[in-house]
Amino acid sequence: MLGAVVPSSPFLVNDMMNQVDWERARVLIEYGPGVGTFTREILKRMRKDAVLIAIELNSEFAEYLSENLCDPRLCVVQGSAARVRSILSEHNLMLADCIICGLPYRNMAESLRREILDESRLALKPEGSMLLFQYTRTLQPYLESSFSSVKLNFQLFNVLPALIFHCTR
């Protein structure tokens, strides 16, 4: 369930957050928030009228986030990222401006990996983006076949060094 044994570094978090258009983003989604390393920073940076849907598969992490991050803009959902469009609909939201993701795709079955990426692309506004970090290039071919643009960056100051993918529809 975990993609790493230590939390993401502030350098990785900052690199990811700097790629979000905070002025425009009203609906944000985070996949696999874990203990909230990215979640806290997203809440600091997002607009007062924005909403963050944090989708966490692990019920203990979801409960921890719900109890420890008290912000009316945050909605923690215990469930699968493969249901992202259904989750948006259940919250009376149409499409997302940005999806921020730290899921360990390398550990997933190929069919689930493909389903999450397809659902993610369809859950984004036409000008929306998906930001992911990974520790290998395993996901790159899937991203390139799912999104029209995939840009790759690298953050050395993280345990382990991380690849950052910025994908747009």
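The structure under discussion appears in the preceding block.
Not measured: the values here are computed from a predicted model. (Residues numbered from 1 in each chain as written. Predicted model: local features only at pLDDT ≥ 70, side-chain atom pairs only at ≥ 80, totals over all residues. Heavy atoms only, no water.)

Caption draft 1: Local environment of the overall build of the protein. Check the secondary structure of the protein and you find six helices and seven strands. Its helices and strands in sequence order give the protein the pattern α-β-α-β-α-β-α-β-α-β-α-β-β, from N to C terminus. Referenced to the eigenvectors of the C-alpha coordinate spread, the extents of the protein come out at roughly 35 × 30 × 30 Å. Residues classed as buried in the protein amount to 49% of the 169 residues present. Considering only residue pairs separated by 6 or more positions, the protein has 67% of its internal contacts joining residues 24 or more positions apart. A total accessible area of about 8400 Å² is found for the protein, and carbon and sulfur atoms account for 53% of it. (Helix = DSSP H or I, 4+ residues; strand = E, 2+ residues; numbered from the N terminus. Buried < 20%, exposed > 50% of the residue type's maximum accessible area, 1.4 Å probe, protein only. Contact = heavy atoms within 4.5 Å. Areas by Shrake-Rupley, 256 points an atom, 1.4 Å probe, with all protein chains shown as cover.)

Caption draft 2: View of the nonpolar core. The biggest cluster of nonpolar side chains holds 32 residues, and the ones touching the most others in it are Ile29, Tyr31, Tyr105, Met130 and Leu132. Apart from residues lying up to four places away in sequence, Met130 is in contact with Tyr31, Ile99, Cys101, Tyr105, Leu117, Ser120, Leu124, Phe147, Phe165, His166 and Cys167. Core analysis: the next-biggest nonpolar cluster, separate from the first, contains 24 residues, Val13, Trp22, Ile42 and Leu52 among them. (Core = buried A, V, L, I, M, F, W, Y, C linked by side-chain atoms within 4.5 Å.)

Caption draft 3: Region of the structure containing the pairing of strand 6 (residues 149-155). Where strand 6 and strand 7 (residues 162-168) come together, seven bridges link them in antiparallel fashion. Within the sheet, the bridge partner assigned to Leu152 lies in strand 7 and is Phe165. Counted along the chain from strand 6 to the antiparallel partner strand 7, the turn is six residues long. (Pairing = 2+ DSSP bridges.)

Caption draft 4: Up close: the pairing of strand 2 (residues 51-56). Counting buried residues along strand 2, five of its six residues qualify, which places the element largely inside the surrounding structure. Across five bridges, strand 1 (residues 27-31) lies against strand 2 in parallel orientation. Bridge pairing links Tyr31 to Ile55 in strand 2. In the classification by handedness, the crossover that spans strand 1, the intervening helix 2 (residues 37-45) and the parallel strand 2 is right-handed. The sheet contact formed by strand 2 and strand 3 (residues 74-78) spans five bridges and is parallel. Looking at the pairing, Leu52 lines up with Leu74 of strand 3. Following the backbone out of strand 2, through helix 3 (residues 59-68) and into the adjacent parallel strand 3, one traces a crossover that is right-handed. (Right-handed = clockwise from strand over helix to strand, strands pointing away.)

Caption draft 5: Molecular detail of the packing of helix 1 (residues 10-17) against helix 2. Where helix 1 meets helix 2, the closest approach of the two axes is 10 Å, and the angle between their N-to-C directions is 45 degrees. By the angle class used here, helix 1 and helix 2 are oblique. Note on packing geometry: the crossing formed by helix 1 with helix 2 is right-handed. From helix 1, Leu12, Val13, Asn14, Met16 and Met17 reach across to helix 2, where they touch Thr37, Phe38, Glu41, Ile42 and Arg45. (Axes fitted to C-alpha atoms, helices over the stretch in contact; angles between N-to-C directions. Parallel < 35°, antiparallel > 145°, perpendicular 65-115°, else oblique. Left-handed = near helix turned anticlockwise from the far one by under 90°.)

Just geometry here; none of it tells us what the structure is for.
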